[in-house]
2 protein chains.
Amino acid sequence: MSADRTLAMVGLGRMGASMLRRLARAGLPVCGFDVAEAARAGVAGEPGVAVGTSLAATIAMLRAPRAVWVMLPAGAITTQTIDAVAGLLSPGDVILDGGNADYHDTLRQAASLEARGLHFIDVGVSGGVWGLAEGYGLMFGGPKSAVTPLLPVFQALAPAADRGWVHCGPTGSGHYTKMVHNGIEYGAMQAYAEGFALLHAKREFALDVAAIAEAWRHGTVVRSWLLDLAAGALRQDPLMDQVAPLVADSGEGRWTVREGLDLGVPLPVTAAALNVRLASQGRGDYGARFLARLRNAFGGHAVGRADRPGS
Amino acid sequence: MSADRTLAMVGLGRMGASMLRRLARAGLPVCGFDVAEAARAGVAGEPGVAVGTSLAATIAMLRAPRAVWVMLPAGAITTQTIDAVAGLLSPGDVILDGGNADYHDTLRQAASLEARGLHFIDVGVSGGVWGLAEGYGLMFGGPKSAVTPLLPVFQALAPAADRGWVHCGPTGSGHYTKMVHNGIEYGAMQAYAEGFALLHAKREFALDVAAIAEAWRHGTVVRSWLLDLAAGALRQDPLMDQVAPLVADSGEGRWTVREGLDLGVPLPVTAAALNVRLASQGRGDYGARFLARLRNAFGGHAVGRADRPGS
């Protein structure tokens, strides 16, 4: 097989596979690899997509300088894969990391790769499951010499060639900017959650929260893509009473709040939104028990039993 | 003059005048009045707009049942104007209040007007200076019998006849819903403010905050109309160092937080966003002085002088 592919995508999960498809549909010759055979089979045979049977075989399909985009969950799996990829590359080649890494890890990784003559570009990717159709918001960091040859890749992934992507600055700045993006997401989502909770709680007005969400999408100050999603969710299920009141957090919120502490920038809304998620996970329960005990101690107020909170 | 006008707008300030224009451009025959001659002159002579020289003369232009929309700042001026309008109307006529009133005041006003046989519709209006061109988001409350004949008015003001407006429920629910809308606005705005503050503070990356804002408008989770405005503002003035760091609050944030207390609904993000504004107004200064004094008392830490805070 000739070595003429523009980019290799390593990690063909929901995000990686969709991004590979979007690149191929834009006419870029791409290849991909995943350790899971099912993931490889999911994109094999699509026009413009070549799938390798191993990491080495996949990288062998690339033209030089080679560009390998690692699209895996942040953490050990990404770090190990980047190390494996680096072992198969030569000086001047480029590794891109599209996971939501902590930018401190990105900076360490970049230093180690640069010592081996490899370039490292960190890419924050937004858009989730809608990206294949609408394009991905991209924010990336890295040396200009490594970024410039890859602009056609970024432009094909973005909503349009001239928008939705930004070269933020040096390596690390892409994941930093994505971290901040996700921090904003925490605060904005919680702002909507509180508003709809107030609408829902005002029983005497019997408000149709789905109709209000739909109306707000047009002409108001709070219109947004998040509100579009909220209106869709409320149309299906305005009461939401079968949904467990538990919200996961996957790191970026904590990193954002920590960064605020490191830089001495107050982030009261981001921190409050993060705290709501932590409390929803039961992480505030010991504190609540402590308060119940204290109220009992000074005022004789009843303390409920854990299996019967209202008792 | 024949009494054939559909609606009278009382208060021809920036909002009232633009709304009157939008109605006239939609082909609805309307009339308007303002105590300020300059405001009357601002719309006089526009196609489809009749301007009265007094409140009574303006209301005399209306066909029955008469509909008078009061578009003035919430508070005494609105209450007094509604009282004056009510004195010129007959049972079955309708008064609309488009100011951002506290919904408790709206409920009291409605009870008093209903006792006189008048209907009262409270309308939350969103869209600000962009409404004339793009249409206004409208959320209104009132009895269906009074609302239905006015649907053409709401449909003409809204971004389109079939969207951007919602009949929330009984009188009071329009201003309630607008209050919640504005509460969400507080939290969402602050979420963006914190994110851009973190981007700005990360000096070693020398991030182009305007370019990032522009890129985020396309394909990302945080895209919104507020972000569109932020991108425009940052393009003009990314440093913002000539802008006083002082944010006014005009009531709705405080009302929203108070409503959360009344209903027992936690609103940590809305409250935090409100607190940021209050602190920016210097209302936290006594507390900060108190903390500085306490640190001095237990640790001997230096206390700055008010005219030289860093001393």
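Residues numbered from 1 in each chain as written. Chains lettered and ligands numbered in written order. Predicted model: local features only at pLDDT ≥ 70, side-chain atom pairs only at ≥ 80, totals over all residues. Heavy atoms only, no water.

S.K.: What is the right way to look at the sheet that holds strand 8 (residues 165-169) of chain A in this model?
M.R.: Sheets are built from strands paired through backbone hydrogen bonds, the pairs being either parallel or antiparallel. Residue and element names in this part refer to chain A. Spatially, the eight strands line up as an open sheet ordered 3-2-1-4-5-6-7-8, and their pairing is mixed. What marks the edges here is a single partner per strand, and that holds for strand 3 (49-51) and strand 8. Each adjacent strand pair in this sheet contributes to an overall mean axis angle of 25°, direction not counted. Relative to strand 8, strand 7 (residues 137-141) runs parallel, the two being bridged by four bridges. Bridge assignment links Phe140 to a residue of strand 8, and that residue is His167. Relative to strand 6 (residues 119-126), helix 5 (residues 103-114) is tilted by about 150°, and along the sheet it contacts strand 5 (94-97) and strand 6. (Pairing = 2+ DSSP bridges. Helix = DSSP H or I, 4+ residues; strand = E, 2+ residues; numbered from the N terminus. Axes fitted to C-alpha atoms, helices over the stretch in contact; angles between N-to-C directions. Contact = heavy atoms within 4.5 Å.)

S.K.: Would you explain the sheet that holds strand 8 (residues 165-169) of chain B in this entry?
M.R.: Residues and elements named next belong to chain B. An order of 3-2-1-4-5-6-7-8 is seen for the eight strands of this open sheet, with the pairing classed as mixed. The strands lining the two open edges of the sheet, one partner per strand, are strand 3 (49-51) and strand 8. Each neighbouring strand pair of the sheet contributes to a mean axis angle of 25°, computed without reference to strand direction. The pairing of strand 4 (residues 67-70) with strand 5 (residues 94-97) spans four bridges and is classified as parallel. Bridge pairing in strand 5 places Trp69 opposite Leu96.

S.K.: I would appreciate a short explanation of the relation of the copies chain B and chain A in the present structure.
M.R.: Both copies of the chain are tied together by a single rotation about an axis and a shift running along it. In screw terms, the move from chain B to chain A is a rotation of 180° and a rise of 0.0 Å along the axis, fitting with an RMSD of 0.0 Å. The superposition of one copy onto the other is thereby described by a two-fold rotation axis. The position closest to the rotation axis in chain B is occupied by the C-alpha of Ser224 of chain B, lying 1.9 Å away. Interface residue correspondence from chain B to chain A reaches 100%, placing this contact among same-surface, isologous pairings. (Least-squares fit on C-alpha atoms with pLDDT ≥ 70 in both.)

S.K.: For this particular structure, what's the right way to read the interface of chain B and chain A?
M.R.: When the parts come together, some accessible area is lost, and that loss is often what is quoted as the size of the interface. Contact residues are listed per partner, giving 64 residues for chain B and 64 residues for chain A. On the chain B side of the contact with chain A, Leu198, Phe205 and Val221 of chain B bury the most area, a combined 14% of that side's loss. Counting across the chain B and chain A interface gives four salt bridges. A salt bridge links Arg223 of chain A to Glu134 of chain B; its shortest N-O distance comes to 2.7 Å. On the surface where chain B and chain A come into contact, there are 18 residue pairs in polar contact (both at pLDDT 80 or more). If you list the elements that add at least two residues to the side of chain B that touches chain A, you get helix 5 (103-114), strand 7 (137-141), strand 8, helix 9 (173-201), helix 10 (209-216), helix 11 (225-236), helix 12 (252-263) and helix 13 (268-280) of chain B. At 18 residues, helix 9 of chain B tops the list of elements feeding residues into the side of chain B that touches chain A. Its residues assigned to classes, the side of chain B that touches chain A shows 37 nonpolar, 20 polar and seven charged. (Buried area = accessible area lost by both parts, 1.4 Å probe. Salt bridge = Lys/Arg side-chain N within 4 Å of Asp/Glu carboxyl O. Polar contact = N/O pair within 3.5 Å; in protein donor to acceptor, adjacent residues only side chain to side chain. Nonpolar A, V, L, I, M, F, W, Y, C, P; charged D, E, K, R; others polar.)

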